[in-house]
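Take a look at the letters that make up each chain.
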Number of protein chains: 2
Amino acid sequence: MAKDRQIRNIAIVGTGVIGASWASLYLARGFNVTATDPAPNAEANLRKFIDAAWKDLQVIGLSPNASRDHLQFTSDMKKALSDADFVQENGPERPDFKIKLFADIDAATPPDSLIASSSSGITPSVMQSKCTHPERVVVGHPFNPPHVIPLVEVVAGAKTLPQTVEQAISFYRSIGKKPIHVRKEVVGHVANRLQAALTREIVYLIEQGVIDVADGDTAVCWGPGLRWGVMGPHLLFHLGGGQGGIQHFMEHLSGPVATWWKDLGKITDYTPEVKQTIIEGTLREAGNRSIEELELERDSMLLELLATRAKGEKAAQAPTARGAKQARSA
Amino acid sequence: MAKDRQIRNIAIVGTGVIGASWASLYLARGFNVTATDPAPNAEANLRKFIDAAWKDLQVIGLSPNASRDHLQFTSDMKKALSDADFVQENGPERPDFKIKLFADIDAATPPDSLIASSSSGITPSVMQSKCTHPERVVVGHPFNPPHVIPLVEVVAGAKTLPQTVEQAISFYRSIGKKPIHVRKEVVGHVANRLQAALTREIVYLIEQGVIDVADGDTAVCWGPGLRWGVMGPHLLFHLGGGQGGIQHFMEHLSGPVATWWKDLGKITDYTPEVKQTIIEGTLREAGNRSIEELELERDSMLLELLATRAKGEKAAQAPTARGAKQARSA
């Protein structure tokens, strides 16, 4: 695999909601996108999705060469892949299907191109198992919807080369995503596990009759969730430690956290009763607001928050760049 | 206890960072505040804190009668409490001390006034145990800093009257807070448990070598944390279920969540090694940014996010009010 194959042409395999969202993002970042999907109405649905997503992407900001005209669609996967520099795969989440699909993608894609899978449930070692060039296969798992949420989880399989991971991370970073390197293949990667950990305790407290559904939502989105919307938990602990920072926090304030760990709920399944409680409680919380109204609420706030974060990043970059220079000259 | 004693005078017992933050908020909401603390420099430190917090409160919005001149300070707790309509207690977190303190507060406060404790670690049943009028004692636990973060957790003790809880909730709501009713006394109330649940999985993944500290922070604040900054997890699941909403989510999409629950880390303590890894990783992530710079970054983004949320609430209120009216007339 060439270390620096320039990425101009991106192939999207599978144009369901995840694939269509990726396609929108890549077009907005100025790439040529060739999408492929065997479903009958795939092209029309994809173009419809992109038109809707484009409004958000205009708010987030379009790159110089961004254009919806740079989209091509073909139901012939081989054709879509023949000159792809980068492939983003979004096929069905069935291991057998995925192994065969990756063997086919691998055979049709130039051997020095990168192949990334959006899979949340299948490990890269499994997906790459029948590839001739497995060394360029990674997971590049987005958080939905990929054209809005910056996180991408990059995971290598047993046969993936380290430089593939580096290339994928630097590619995603170059288009404004926030990639992380998941260093071991674990169930659910990282973000879904973290989401599950939080949800588990909420469901436990609902089941125990400590809170109702709406209060669980309030506890997150008007409490710690506000902070997680602007900064990660450990950097927040660094600030929670006062002048002593994270050192002080770990030495003197981590005790209560561990105390709470011991008392957390240990549930491993949703009971039918708690499912029903959650359904009823959530519908009560939603009240008269339709799914569409709530989506609009969520997305308009999310776009404003992203604009706030972008400003915050710019402000933070000046001292960080200075710091990097100082570190280099030290 | 009178059901509707009007709240004009608020007493703050204990003016450390939490008490000082509450005092700032109550002044900004137009109340008369009398603060008391036995520490030598308490008044000067309190006024300094309020002056700094006032800048944030001006951004968040001051109520018509807001004034820092409505603050009185006395080291005589009895005097501070004699005409208090509402007491917000923020004393040291030691059970013996707290039991005695509450007996004293109870004796000095008009018997139809409400007494709320900011305690995160001691249950209201313990605190109220030696009070003559324990029925008006609740926990009103804020999320730090109380003058910025809207969440307040209201918890009753064994001897607390239900109407005390209602009054506390409606008081906090009337000044723009987002109170929740914690229906059972549990360790850490709710938000700290949720924070602990999320942190536990991050620490586990760090310990397992799956992620480093910075990637754990990125996974939250550029991923699901962005959404938790605008909406609670179950309302988000309602939208994640597509047109079928939460019903569809619970029936067809909750399976993977439960799968992840089974695989989550089970750690119950910080090892010395993981503490050291977290300290080093957090300092690396902070880079050249000082605690002050990072605080400024966090707080300026937080205030913008709160403004976004306030706008979102206003937009959402119209249909909700309509819905409530329809429900009433149905």
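Before reading further, recall that the structure is shown in the block above.
Residues numbered from 1 in each chain as written. Chains lettered and ligands numbered in written order. Predicted model: local features only at pLDDT ≥ 70, side-chain atom pairs only at ≥ 80, totals over all residues. Heavy atoms only, no water.

Observations regarding the relation of the copies chain A and chain B
Working step 1: Superposing chain A onto chain B requires a rotation of 180° together with a translation of 0.0 Å along the rotation axis, leaving an RMSD of 0.0 Å. Seen this way, the second copy is the image of the first under a two-fold rotation axis. Closest approach to the rotation axis among the C-alpha atoms of chain A is made by Gly229 of chain A, whose C-alpha sits 2.2 Å away.
Working step 2: A share of 100% of the interface residues of chain A reappears at the interface of chain B, consistent with the copies meeting face to face through the same patch. (Least-squares fit on C-alpha atoms with pLDDT ≥ 70 in both. Contact = heavy atoms within 4.5 Å.)

Overview of the environment of Ser174 of chain A
Residue and element names in this part refer to chain A.
Working step 1: Following the sequence through the fold, Ser174 ends up in helix H6 (residues 162-174).
Working step 2: According to the relative accessible area criterion, Ser174 is exposed, its value standing at 56%.
Working step 3: Between the alpha carbons of Ser174 and Lys314 there is a distance of 15 Å; along the sequence they are 140 residues apart.
Working step 4: For Ser174, the side chain forms a polar contact with the main-chain oxygen of Phe171, separated by 2.6 Å. (Helix = DSSP H or I, 4+ residues; strand = E, 2+ residues; numbered from the N terminus. Buried < 20%, exposed > 50% of the residue type's maximum accessible area, 1.4 Å probe, protein only. Polar contact = N/O pair within 3.5 Å; in protein donor to acceptor, adjacent residues only side chain to side chain.)

Comments concerning the sheet that holds strand S8 (residues 178-182) of chain A
Each strand in a sheet pairs with its neighbour through backbone hydrogen bonds, running either in the same direction (parallel) or in the opposite one (antiparallel).
Residues and elements named next belong to chain A.
Working step 1: Spatially, S3-S2-S1-S4-S5-S6-S7-S8 is the arrangement adopted by the eight strands of the open sheet, whose pairing is mixed. Of all strands in the sheet, those bounded by a partner on one side alone are strand S3 (71-73) and S8. Within the sheet, the average angular offset between the axes of one strand and its neighbour, ignoring direction, is 25°.
Working step 2: Most of the contacts of helix H2 (residues 42-60) go to S3, to which it runs at about 160°, and overall it touches strand S2 (32-36) and S3. (Pairing = 2+ DSSP bridges. Axes fitted to C-alpha atoms, helices over the stretch in contact; angles between N-to-C directions.)

As for the environment of Pro150 of chain B
Working step 1: Residue placement: Pro150 of chain B occurs in the loop between strand S6 (137-142) and strand S7 (151-156).
Working step 2: Sequence separation between Pro150 of chain B and Ile175 of chain B is 25 residues; the distance between their C-alpha atoms is 9.7 Å.
Working step 3: Once residues within four sequence positions are removed from consideration, Pro150 of chain B is found in contact with Trp222 and Leu226 of chain A together with Gly176, Lys177, Lys178 and Leu306 of chain B.

A short note on the sheet that holds strand S1 (residues 9-13) of chain B
Residue and element names in this part refer to chain B.
Working step 1: The strand order S3-S2-S1-S4-S5-S6-S7-S8 describes an open sheet built from eight strands, whose pairing is mixed. Lying at the two open borders of the sheet, with one neighbouring strand each, are strand S3 (71-73) and strand S8 (178-182). Taking each pair of neighbouring strands and ignoring which way they run, the sheet shows an average axis angle of 25°.
Working step 2: As judged from the four bridges shared by S1 and strand S4 (residues 86-89), these two strands associate in the parallel manner. Bridge assignment links Ala11 to a residue of S4, and that residue is Val87.

Things to note about the interface of chain A and chain B
Working step 1: Listed as interface residues are 114 residues of chain A and, on the opposing side, 114 residues of chain B.
Working step 2: With both sides pooled, the region where chain A packs onto chain B buries about 11500 Å², and carbon together with sulfur makes up 70% of that total.
Working step 3: Considering only the surface of chain A that becomes buried against chain B, Trp222, Trp260 and Trp261 of chain A emerge as the three largest contributors, covering 8% of it.
Working step 4: Across the pair Asp263 of chain B and Arg193 of chain A runs a salt bridge whose closest N-O atoms are separated by 2.7 Å.
Working step 5: Along the contact surface separating chain A from chain B lie 34 residue pairs in polar contact (both at pLDDT 80 or more).
Working step 6: Those elements giving two or more residues to the side of chain A that touches chain B turn out to be S8, helix H7 (191-207), helix H8 (213-221), helix H9 (224-228), helix H10 (233-240), helix H11 (245-263), helix H12 (272-286) and helix H13 (291-329) of chain A.
Working step 7: Among the elements that line the side of chain A that touches chain B, the one with the most residues is H13 of chain A, at 23 residues. (Buried area = accessible area lost by both parts, 1.4 Å probe. Salt bridge = Lys/Arg side-chain N within 4 Å of Asp/Glu carboxyl O.)

Some details on the pattern of salt bridges
Working step 1: Applying the stated criterion to the full structure yields 34 salt bridges over all chains.
Working step 2: Among the ionic contacts, a cluster of salt bridges with common partners joins Arg5, Asp85 and Asp112 of chain A.

A word on the side chain of Gln128 of chain B
Residues and elements named next belong to chain B.
Working step 1: Considering the arrangement of structural elements, one finds Gln128 in the loop between helix H5 (124-127) and S6.
Working step 2: Note on Gln128: relative accessible area 1%, which makes it buried.
Working step 3: Polar side-chain contacts of Gln128 include one of 3.0 Å to the side chain of Thr160.

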